[in-house]
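# Observations on the model geometry
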Amino acid sequence: MSQVITWELRFLLKALLLGLCLRGAYDVFKIRRGLTKRHPALMASEDTIYWIFCSLFLFGLLYEENNGTLRGFAICGTAAGMAVWHFGPSPILVAAAVKTGRFVGKILKKPVKILGKALKKMISWFRMRINTGERRQRHAEKNDSKRAQKKKTVQ
């Protein structure tokens with residue numbers, strides 16, 4: 001095989017790998033959306049930021065490998081890598097991660113609730129102690145000022 005064809009094949013494989021990685025990174029958003037409800041504006045902003053990063057990574061690949069020259073097979077390779085991930089392991093991994101996350105959330109819900117109540121009681125106890133101490137100090141200051149006024153009136 002000629003050196004040019006070998007280079008183009010490696011370039012195509014890097015583009016495929018980039019597509020796989022970029023589409024795999026999008027699964028993080030899909031998992032988060034499966035676990036928690038998101039506002040549509042927040043989802044749109046996440047998608048916009050994701051595609052900006054995708055374009056930067058694709059530009060980096062084109063710049064590094066091809067001196068910034070746009071090559072159709074590189075873009076097609078990236079799209080093919082994304083498609084392979086999208087129709088391959090992505091649905092299985094996302095569904096498994098969401099199911100696992102919900103299961104773990106159900107298991108941890110009660111201990112977290114108990115811990116939250118305990119922390120709330122501790123915080124209220126400390127606030128009560130601080131407030132009581134402040135009240136005692138104010139009360140003592142009032143008594144001191146009253147004693148000082150009595151001494152002045154007696155003298």
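The helix and strand inventory of the chain stands at 4 helices and 0 strands. Counting helices and strands in the order they occur from the N terminus, the chain gives α-α-α-α. Counting only residues that meet the buried cut, the chain has 15% of its 155 residues in that class. Contacts in the chain between residues far apart in sequence, at least 24 positions, make up 76% of those at least 6 positions apart.

A few words now on the packing of aromatic side chains. The description of an aromatic ring pair rests on the distance of the ring centres and on the angle between the ring planes. The tally for this structure, following the rule as stated, stands at 7 aromatic pairs. With centroids separated by 5.4 Å and ring planes inclined at 85 degrees, the aromatic side chains of F11 and F73 adopt a geometry described as edge-to-face. Residue F11 is found in helix α1 (residues 3–35), and its partner F73 is found in helix α3 (residues 72–87); the two are separated by 62 residues along the sequence. Its relative accessible area of 0% is what places F11 among the buried residues. Judged by relative accessible area, F73 falls into the partly exposed class, the value being 25%. Aromatic pair Y50 and W51: ring centres 5.2 Å apart, planes at 75 degrees, arrangement edge-to-face. Through pairs of rings, three or more aromatic residues link up here, namely Y26, F29, Y50 and W51.

What follows is about a positive patch on the surface. Residues R102, K106, K109, K110, K113, K117 and K121 make up a contiguous surface patch of positive charge. When you line up the elements, K117 lands in helix α4 (residues 90–154).

The next thing to look at is a nonpolar patch on the surface. The grouping of I49, I52, F53, L56 and F57 at the surface amounts to a nonpolar patch, some 520 Å² of accessible area in total. Its place among the elements puts I49 in helix α2 (residues 40–66).

The subject of this paragraph is the nonpolar core. Counting residues in each nonpolar core, the largest one holds 13 residues, and the members touching the most others are L22, Y50 and L61. Contributing elements (two or more residues each) for this core: α1, α2 and α3. Discounting residues that sit within four places of it in the chain, L22 has contacts with Y50, C54, F57, T78 and M82.

Under the criterion given, the structure shown has 7 salt bridges. Among the salt bridges present, the one from R71 reaches E8, with a minimum N-O distance of 2.8 Å. Separated by 63 residues along the polypeptide, R71 in the loop between α2 and α3 and E8 in helix α1 bring together distant segments of the chain. A relative accessible area of 28% places E8 in the partly exposed class. Here E46 makes a salt bridge to R38, at a shortest N to O gap of 3.5 Å.

Our focus in this paragraph is the environment of E46. Relative to the helices and strands, E46 is located in helix α2. Note: C-alpha distance between E46 and Y26 (20 residues apart in sequence) is 9.8 Å.

Turning our attention to α3. For α3, built from 16 residues, the straight-helix expectation of 22 Å at 1.5 Å per residue is met to within 8% by its first-to-last C-alpha distance of 22 Å. Where α3 is concerned, the buried positions are A74, G77, T78, G81 and M82. One side of α3 holds all its buried residues, which, seen down the axis, span an arc of 135 degrees. For α3, exposure combined with an orientation more than 90 degrees from the buried face picks out C76 and F87.

Definitions and limits used
Residues numbered from 1 in each chain as written. Predicted model: local features only at pLDDT ≥ 70, side-chain atom pairs only at ≥ 80, totals over all residues. Heavy atoms only, no water. Helix = DSSP H or I, 4+ residues; strand = E, 2+ residues; numbered from the N terminus. Buried < 20%, exposed > 50% of the residue type's maximum accessible area, 1.4 Å probe, protein only. Contact = heavy atoms within 4.5 Å. Phe/Tyr/Trp six-rings, centres within 6.5 Å; stacked < 30°, edge-to-face > 60°. Patch = residues over 30% accessible without salt bridge, like charges linked within 9 Å, V, L, I, M, F, W, Y side chains within 5 Å. Areas by Shrake-Rupley, 256 points an atom, 1.4 Å probe, with all protein chains shown as cover. Salt bridge = Lys/Arg side-chain N within 4 Å of Asp/Glu carboxyl O. Lys, Arg positive; Asp, Glu negative; His and termini not counted. Charge placed at Lys NZ, Arg CZ, Asp CG, Glu CD. Core = buried A, V, L, I, M, F, W, Y, C linked by side-chain atoms within 4.5 Å. Expected span 1.5 Å × (residues − 1). Arc of directions from axis to C-beta.

So, to be careful, I would describe these as geometric facts and stop short of saying anything about function.
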